[in-house]
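Each chain, written out:
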Amino acid sequence: MSGTTPGGPAGVPLGVPGRDFGVKDVRGEFPERIEVPPLERPPDATVRVPGSKSVTNRALVIAALAEGRTTLLNPLLSDDSFWLMKSLSDLGFPVEVVEGGHVTVGGGAGKIPRPSGEVFVGNAGTAARFLPGALTLGEGPYRIDGVPRMRERPISDLVDALGQLGARIEYAGEEGRFPLVVRGGLRGGRAVVRSAKSSQFLSGVLISAPAAREPVTLAVEGDLVSKPYVGITTAVMRAFGVEVGRPSEGEFYVEPATYRATDYAVEPDASGASYFFAAAALTGGRVRVEGLGQGSSQGDLRFTEVLRRMGCSVEVAEGYTEVRGPENGDLKGVAVDMNEISDTFITLAALAPFASSPTTITGIEHTRYQETDRIHAVATELERLGVEARESRDGIHIIPGPVRAAEIETYEDHRIAMSFALVGLVRPGIGIKDPACVTKTLPDYFRRLAALGGG
Ligand SMILES: O=C(O)C1=C[C@@H](OP(=O)(O)O)[C@@H](O)[C@H](O)C1
Ligand SMILES: C=C(OP(=O)(O)O)C(=O)O
């Protein structure tokens, strides 16, 4: 790695106890750009990745609503969980990162300790979409805001759904956008939820539903994107003692209940694991990710099925998943609908230029509303590498070809940085600008990537 090595154990103690919730602000320790050196030989590695962002942030909110003290084992400690832990702490919940990087949360048994206040969620979609419903449990008003990009990301489908359940939520600035002001009280009843721009709206309503005074029935209207994340939501709710009923295909039913605190082990992050699997695919190497395997609640582990179709051999076992890239180096292009696993479409887009045939990715229009307009950003950066990429409304078509050296713009999007860094493993001269954006979900990503080379 040129420049300083961010996120290394020497520079950045992750998971240390203290008021920084184990997430030291390391952005200033990153260089302005990082050049990823090509690997000298294909990796033959067994790696661990931190806990799932999605599971961590659900478990944190639910633990705060629960009765009793929860310990989260192997949580993700990164910007996204930092903003959620800080928000909960600002609301008066005792949240602590203890020895070993575990997190304890003192639940309010359905109450919020501070009667009013302000919270800030950075650019964490999970915090932005899970907290408004939870805030209806307190007295209010509570103001919730985020970074400028969060003020552009959609939120009205969540506000509308909670409103149908009796929540009083106002837009403090522009109509339909962050920041919001939330007042207390959630009646319950029946709501129609639109989740075509983000599944996080449905998840956010579900998480707060047990706190309503009356039973809640939710009917999903229109497309539901990123479906497996709703399964993660109901799985974490179940672990804290609340069942979600499914009266019919598009309906969810939750009775009034108080979550029960529990000790909860967070499984490794499957979206984060995708970069390490992809590194094996790209180099003809072998990478095993420990602790992530059969029975995972995360849809993104199915990225390995895409790699299998591209010619990799994949083993999803009980306690690990292992990917071996094709020995002859022949990665095949694929046509794949990635609606359900869209965080990994960028990982695939970084592999596609090296395949022996074109790749077509569809079903990902909703990613235009995420950290950046991801379809457009990916097409732009592939073109910067000299690769032909055709953008459509809901996808991208990538034609393999020679890849030239380039300085990659990352648009404050951790997944653009992490995915395009993979190109650097096989092509010299790939610079990643603003590499600090990886702190959103994987602060020591570049150290981990370099370690694949045995470093
Ligand atoms: O609920 C979650 O934890 C997430 C849902 C997905 O968002 P969308 O439903 O907006 O696609 C995913 O992209 C995001 O990284 C995490
Ligand atoms: C879309 C993502 O994040 P968020 O939770 O902010 O939506 C992501 O991590 O790729």
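Residues numbered from 1 in each chain as written. Chains lettered and ligands numbered in written order. Predicted model: local features only at pLDDT ≥ 70, side-chain atom pairs only at ≥ 80, totals over all residues. Heavy atoms only, no water.

**Some points on the packing of helix α11 (residues 374–384) against helix α12 (residues 414–424)**
The relative placement of two packed helices is expressed as an angle between their axes plus a distance between the axes. Defined as follows: To define axes, lines are fitted to C-alpha atoms, for helices over the stretch in contact only, and angles between the resulting N-to-C directions are given on a 0 to 180 degree scale. Comment: elements are numbered from the N terminus, with helices defined as DSSP H or I runs of at least four residues and strands as E runs of at least two. In this scheme, a crossing is called left-handed if the near helix is turned counterclockwise away from the far one by less than a right angle; it is called right-handed if the turn is clockwise. In what follows, a contact means two residues having at least one pair of non-hydrogen atoms within 4.5 Å. In this classification, the charged set is Asp, Glu, Lys and Arg, the nonpolar set is Ala, Val, Leu, Ile, Met, Phe, Trp, Tyr, Cys and Pro, and all remaining amino acids, among them Gly, are polar.
At a closest axis distance of 11 Å, the pairing of α11 and α12 adopts a crossing angle of 30°. Handedness of the crossing formed by α11 with α12: right-handed. Seen from α11, the contacting residues are Arg374, Ala377, Val378, Glu381 and Leu382; seen from α12, they are His414, Arg415, Ile416 and Phe420. Residue classes in the contact of α11 with α12 are distributed as 5 nonpolar, 1 polar and 3 charged.

**As for the site of ligand 1**
Selection criterion: Whether a residue is near a molecule or strand is decided by its heavy atoms; if any one of them lies within 4 Å of it, the residue is near. Any N or O atom pair separated by 3.5 Å or less is treated as a polar contact, with the protein-specific requirement of one donor-capable and one acceptor-capable atom, and with residues adjacent in sequence counted only for side-chain atom pairs. Areas reported here follow the Shrake-Rupley algorithm with a probe of radius 1.4 Å; residue values treat only the protein chains shown as occluding. Computed over the protein atoms alone on a 1 Å grid, cavities are sets of points where a 1.4 Å probe fits but cannot get out and pockets are open sets with protein on both sides within 12 Å along at least five of seven lines; a residue lines them when it has an atom within 4 Å of a point. Whether a molecule sits in a cavity or pocket is decided by its atoms, more than half of which must lie within 2 Å of the grid points. Domain borders in the structure are assigned automatically or taken from a domain database.
With respect to spatial proximity, 13 residues lie near ligand 1, and among them Ser54, Ser198, Ser199, Ser226 and Asp343 are the closest. A distance of 2.7 Å is found between an oxygen atom of ligand 1 and a side-chain nitrogen or oxygen belonging to serine 226. Within the side chain of glutamine 370, a nitrogen or oxygen atom sits 3.1 Å from an oxygen atom of ligand 1. Here ligand 1, which alone exposes 380 Å², has 97% of that area covered by the protein. Here ligand 1 is seated within the largest cavity. Mapped by element, the contributors of at least two residues to the shell around ligand 1 are α1 (53–65) and α3 (125–135). With 3 residues, α1 is the largest single contributor of residues to the shell around ligand 1. In terms of residue class, the shell around ligand 1 is built from 2 nonpolar, 8 polar and 3 charged. Lining the shell around ligand 1 are residues from two domains, each supplying at least three of them: domain 1 (31–51 + 268–451) and domain 2 (53–265).

**Things to note about the environment of glutamate 318**
With respect to the helices and strands, glutamate 318 occurs in the loop between β15 (313–316) and β16 (320–324). As a C-alpha pair, glutamate 318 and glycine 125 span 193 residues in sequence and 30 Å in three-dimensional space. If we ignore the near neighbours within four places in the chain, the residues touching glutamate 318 are Gly293 and Gln294.

**Considerations on the layout of surface pockets**
A water-sized probe rolled over the atoms picks out the places where empty space is left. The condition is simple: Grid points are joined across faces, edges and corners, and a volume is the space filled by probe spheres set on the points.
What the largest pocket holds in volume is close to 510 Å³. For the largest pocket, the lining is made up of 23 residues, of which Arg27, Asp79, Trp83, Asn123 and Val147 are closest to its centre. Listed by contribution, the elements that provide at least two residues to the lining of the largest pocket are α2 (79–90) and α4 (148–152). Per-element tally for the lining of the largest pocket: the top contributor is α2, with 4 residues. Looking at the lining of the largest pocket, its residues break down into 9 nonpolar, 4 polar and 10 charged. Taken together, domain 1 (31–51 + 268–451) and domain 2 (53–265) each give at least three residues to the lining of the largest pocket, which thus spans both.

**Considering the nonpolar core**
Quick note on the threshold: Each nonpolar core is a collection of buried residues, namely Ala, Val, Leu, Ile, Met, Phe, Trp, Tyr and Cys, held together in the definition by side-chain atoms within 4.5 Å. Accessibility here uses a 1.4 Å probe with only protein chains present; expressed as a share of the type maximum, an area under 20% marks a residue as buried, one over 50% as exposed, and anything in between as partly exposed.
Ranked by size, the top nonpolar core spans 76 residues in total, and within it Phe276, Met338, Leu385, Ile396 and Tyr445 carry the most contacts. Residue contributions to this core peak at 10 residues, all from helix α8 (residues 270–283). Beyond its immediate stretch of four places on either side in the chain, phenylalanine 276 contacts Val47, Val49, Val287, Leu442, Tyr445, Arg448, Leu449 and Leu452. With 75 residues, the next largest nonpolar core counts Val23, Ala66, Met85 and Phe201 among its residues.

**Focus on the pattern of salt bridges**
Rule in force here: What makes a salt bridge here is a side-chain nitrogen of Lys or Arg within 4 Å of a carboxyl oxygen of Asp or Glu, nothing more.
The tally for this structure, following the rule as stated, stands at 30 salt bridges. Arginine 194 is paired through a salt bridge with aspartate 160; the nearest N and O atoms lie 2.9 Å apart. Within this pair, whereas arginine 194 is found in strand β10 (residues 189–195), its partner aspartate 160 is found in helix α5 (residues 156–164), the two being separated by 34 residues in sequence. With a closest N to O distance of 3.0 Å, glutamate 391 and arginine 368 form a salt bridge. Residue glutamate 391 is located in strand β19 (residues 388–392), and its partner arginine 368 is located in the loop between β18 (359–362) and α11; the two are separated by 23 residues in the primary sequence.

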